[in-house]
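Okay, here's what each chain looks like letter by letter:
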Amino acid sequence: MARQMTSASIITPPGEGGIGIIAVLGPDAAEVVDGVFVGTRRNARSLPLGSIAHGAIVRDGQRIDEVIVARLTPPSGGAETPYYEVNCHGGIVAVRTVLRCLQEAGARAAPWQDWAVPPPGAAPLSASSIQARALARLPHVPSRLGAAMLLHQADGALYRVLESITELLVAGKGTEAASALEALLATASLGHALLAPPRTALLGPANVGKSTLLNALLEEERAIVHHEPGTTRDVVSETACLRGVPFELMDCAGIRAAQDDLEASAISRSAELAADCDIALLVFDIRERPERSFQALPPVREGARVILVGNKLDLLPAPPAGLPPERFASCPVVYVSARSRAGLDRLESALIEPFESAIGPCSAGGPAVFDAEALDALLAVRSQLTADGPGAALAGLRRLIGQSPP
Ligand SMILES: Nc1nc2c(ncn2[C@@H]2O[C@H](COP(=O)(O)OP(=O)(O)OP(=O)(O)O)[C@@H](O)[C@H]2O)c(=O)[nH]1
Ligand SMILES: [Mg+2]
């Protein structure tokens, strides 16, 4: 059918909601909408750009839903392609039925993700490519700060800084360009964490309070806590947002001589987590000496950040003196009471410490390198700048942002 050039996509999330919106884009968008829309005063074809019409979606003489149709500029810009949004009642059944009607009128049903694809041939760090990649990730982002970060990048925050670095290079200001590039690269670890929460394993002997600590950080009773050691068997995994930064917390079985086969396999899952985490919270009971607590600890992934957490602070009048075991001598030690929540703010600070300085600028709408594609490309520009000088870096950066030399 000729009208298959026109697509219709549900662009609101599935589920119950106030309204559901179907976007209709393409050369025959007006004819497709009018194929099923009966306007109270005017139809889609006669709508001026930027205005709305009230009416109903009607199929075989039967009223399917009362809707508002809006004629708008397409999100990708360029008013020449007709674009309409059909605002239906929010239930998924109503929205899907209206979509089916639009299909019957000649539209091709397209997933919303089709709206978040860079235009063909776009340079990898052009404004439209960055926007498309940021919007494609938006539905999966686990925190508000992450969503705000992506919306700011979709709005051009990252692209504008790339443009300004290009201008510095054009002006021969290599040193200023290098420091602006470093500042941008420094946003990458927060940008990455906001999209892929660091895998944070709570490890340590049985009964030291790992599950209690998980619940305290989540502020809900998620994991079972019990006075008998050997309580946790399956890995319990939940995302906690600490000052806007998500962490995937994983609670697992305490390490001790297994009492049965079930516990043995639970302990082997703990060893897998230790070998595969980004952050290891090594929890011990402060009444025990830490070196004894970690004698049987399985190897923690090399490169993982390690934080020692002395728990049950409420049972001692003051945090114990003494040093962490030699192999963890350089790791921060935090004393907490998971039960009374004392010291949790210190643990949160230790967890977010590497991201701390980037959080403020990020929430204020600053640029962020949020994916591997941008990071790899910018690392290559940095190498060009160091090895071959500003001219080569300028040519490379122009290619990346899709700017042709004057
Ligand atoms: N006084 C005190 N008791 C705590 C604290 N944290 C945990 N407990 C108690 O210690 C016991 C064990 O707590 P859990 O959180 O189940 O310990 P766990 O490390 O998850 O234990 P396993 O799953 O068996 O490895 C429970 O009786 C908790 O109430 C704390 O900060 N202070
Ligand atoms: Mg437990």
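Everything here concerns the structure above.
Residues numbered from 1 in each chain as written. Chains lettered and ligands numbered in written order. Predicted model: local features only at pLDDT ≥ 70, side-chain atom pairs only at ≥ 80, totals over all residues. Heavy atoms only, no water.

K.L.:
Would you mind going over the overall build of the protein with me for this structure?
P.N.:
In terms of helices and strands, the protein carries 14 helices and 13 strands. Whereas a compact globule of 406 residues would reach a radius of gyration of roughly 22 Å, the protein reaches 28 Å, over 25% beyond that. Considering only C-alpha atoms, the protein reaches an extent of 80 × 65 × 35 Å along its principal axes. Looking at the protein residue by residue over its 406 residues, the buried ones come to 45%. A separation of at least 24 residues holds for 63% of the contacts in the protein among residues at least 6 apart in sequence. Of the accessible surface of the protein, which amounts to about 19,700 Å², a share of 53% is contributed by carbon and sulfur atoms. (Helix = DSSP H or I, 4+ residues; strand = E, 2+ residues; numbered from the N terminus. Rg over C-alpha atoms; globule rule 2.2 N^0.38 Å. Buried < 20%, exposed > 50% of the residue type's maximum accessible area, 1.4 Å probe, protein only. Contact = heavy atoms within 4.5 Å. Areas by Shrake-Rupley, 256 points an atom, 1.4 Å probe, with all protein chains shown as cover.)

K.L.:
Hey, could you run me through the sheet that holds strand β4 (residues 52–59) in this one?
P.N.:
For sheets, the rule is that strands pair by backbone hydrogen bonds, running either parallel or antiparallel. What the seven strands build is an open sheet, ordered β3-β4-β5-β6-β2-β1-β7; its pairing is mixed. On the outer flanks of this sheet lie β3 (37–39) and β7 (108–109), each paired with one strand and no other. Across four bridges, strand β5 (residues 62–71) lies against strand β6 (residues 83–89) in antiparallel orientation. Each bridged residue has a counterpart across the sheet, and for Val69 the counterpart in β6 is Val86. (Pairing = 2+ DSSP bridges.)

K.L.:
Looking at this structure, I do not really get the nonpolar core. What am I missing?
P.N.:
With 65 residues, the main nonpolar core has Leu213 and Leu347 as its most contacted residues. In this structure, Val33, Ile57, Val95 and Ala105 belong to the second largest nonpolar core, which totals 25 residues. (Core = buried A, V, L, I, M, F, W, Y, C linked by side-chain atoms within 4.5 Å.)

K.L.:
Is there a simple way to explain the site of ligand 1 in this structure?
P.N.:
Taken together, 22 residues lie around ligand 1, and Lys210, Thr212, Gly230, Thr231 and Asp314 are the ones closest in. Within the side chain of Thr212, one N or O atom sits 2.5 Å away from an oxygen atom of ligand 1. Gly230 places a polar main-chain atom, nitrogen or oxygen, 2.7 Å from an oxygen atom of ligand 1. Protein burial of ligand 1: of its 650 Å² of free accessible surface, 93% is covered by the chains. Counting residues per element, the shell around ligand 1 draws most heavily on helix α8 (residues 210–218), which supplies three residues. Classifying every residue of the shell around ligand 1 gives six nonpolar, 12 polar and four charged. (Near = heavy atom within 4 Å. Polar contact = N/O pair within 3.5 Å; in protein donor to acceptor, adjacent residues only side chain to side chain. Nonpolar A, V, L, I, M, F, W, Y, C, P; charged D, E, K, R; others polar.)

K.L.:
Sorry if this is basic, but what is going on with the sheet that holds strand β11 (residues 279–285) here?
P.N.:
One open sheet accounts for six strands, arranged β9-β10-β8-β11-β12-β13; its pairing is mixed. Of all the strands in the sheet, the pair left with one neighbour each is β9 (236–242) and β13 (333–335). For this sheet, the mean inter-axis angle between neighbouring strands, taken without regard to orientation, is 25°. Sheet analysis places β9 next to strand β10 (residues 245–251), joined by seven bridges and oriented antiparallel. Paired with Ala240 across the two strands is Phe247, which belongs to β10. Those strands touched by helix α9 (residues 261–276) are β8 (199–203) and β10, and its axis lies near 135° from that of β8. (Axes fitted to C-alpha atoms, helices over the stretch in contact; angles between N-to-C directions.)

K.L.:
Please explain the side chain of Ser293 as it appears in this structure.
P.N.:
By secondary structure assignment, the location of Ser293 is in helix α10 (residues 290–293). Once residues lying within four places of it in the same chain are set aside, the contact partners of Ser293 are Pro205, Phe284 and Glu288.

K.L.:
Explain the coordination of the magnesium ion (ligand 2) here, please?
P.N.:
Angles between donor atoms at a metal ideally measure 109.5 degrees for a four-coordinate tetrahedral arrangement and either 90 or 180 degrees for a six-coordinate octahedral one. Every protein donor of the magnesium ion (ligand 2) is accounted for by Ser211 (OG) and Thr232 (OG1), and the metal-donor separations fall at 1.9 to 2.1 Å. With a gap of 21 residues between them, Ser211 in helix α8 and Thr232 in the loop between α8 and β9 connect regions that are remote in the sequence. Assigned by exposure class, Ser211 and Thr232 land together as buried. (Donors = N, O, S within 2.8 Å, 3.2 Å for Na, K, Ca; no water.)

K.L.:
Hey, could you run me through the packing of helix α5 (residues 157–170) against helix α6 (residues 174–185) in this one?
P.N.:
Axes are the key here: two packed helices are described by the angle between their axes and the distance separating the axes. The contact between α5 and α6 brings their axes to 8 Å, and the two run at 160°. When the interaxial angle is binned, α5 and α6 end up roughly antiparallel. Seen from above, α5 lies across α6 with left-handed handedness. Of the residues in α6, those in contact with Leu158, Val161, Leu162, Ile165, Leu168 and Leu169 of α5 are Glu176, Ala177, Ala180, Leu181 and Leu184. The residue makeup of the contact of α5 with α6, split by class, is 10 nonpolar, no polar and one charged. (Parallel < 35°, antiparallel > 145°, perpendicular 65-115°, else oblique. Left-handed = near helix turned anticlockwise from the far one by under 90°.)

K.L.:
Quick question: what am I supposed to make of the pairing of strand β2 (residues 19–25) here?
P.N.:
The two faces of a sheet get side chains in turn, since along a regular strand they alternate between them. Burial of β2 is extensive: five of the seven residues sit out of reach of the surface. Where strand β1 (residues 7–10) meets β2, four bridges bridge the pair, whose relative direction is antiparallel. Paired with Ala8 across the strands is Val24, a residue of β2. Where β2 and β6 come together, seven bridges link them in antiparallel fashion. Note that in β6 the partner of Ile19 across the bridge is His89.

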